[in-house]
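Residue-level structural notes
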Amino acid sequence: MSPAILRKPEVTRRTGLSAATIRRLELAGKFPKRLLLSAQAVGWDEREVAAWIDSRAAARESGWGA
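Conventions used here
- Residues numbered from 1 in each chain as written.
- Predicted model: local features only at pLDDT ≥ 70, side-chain atom pairs only at ≥ 80, totals over all residues.
- Heavy atoms only, no water.
- Pairing = 2+ DSSP bridges.
- Helix = DSSP H or I, 4+ residues; strand = E, 2+ residues; numbered from the N terminus.
- Phe/Tyr/Trp six-rings, centres within 6.5 Å; stacked < 30°, edge-to-face > 60°.
- Buried < 20%, exposed > 50% of the residue type's maximum accessible area, 1.4 Å probe, protein only.
- Lys NZ or Arg CZ within 6 Å of the ring centre and 35° of its normal.

1. Looking at the pairing of strand β2 (residues 35–38)
The pairing of β2 with strand β3 (residues 41–45) spans three bridges and is classified as antiparallel. Considered in β3, the bridge of L35 is made with G43. Hairpin connection of β2 to β3: two residues between the antiparallel strands.

This is the structure in structure tokens:
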């Protein structure tokens with residue numbers, strides 16, 4: 001089964017991050033890379049975004065940012 005593709009509004013809703021922050025993290029290699037869907041549309045692999053969110057929760061559990 002193919003992964004779902006999330007568009008920007010859904011990614012910002014799920015992560016709680018602004019589009020600008022997502023872009024900064026993406027360029028720094030700290031967020032999943034966008035997929036080019038067409039000349040003017042991008043999206044993100046739902047599995048990769050979910051894994052990123054899970055990694056933030058795991059970091060919290062290990063004391064990151066404490």
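2. Comments concerning the packing of aromatic side chains
A full pass over the atoms with the stated rule returns one aromatic pair. When the ring of F31 is compared with that of W52, the centres are 4.9 Å apart and the planes differ by 65°; the resulting orientation is edge-to-face. With a gap of 21 residues between them, F31 in the loop between α2 (19–27) and β2 and W52 in helix α3 (residues 46–61) connect regions that are remote in the sequence. With respect to burial, F31 and W52 carry one shared label: buried. Its guanidinium or amino end placed over the ring of W52, R56 lies 5.9 Å from that ring's centre, counting from NZ or CZ.

Scope: geometric values only; no functional claims are made or implied.
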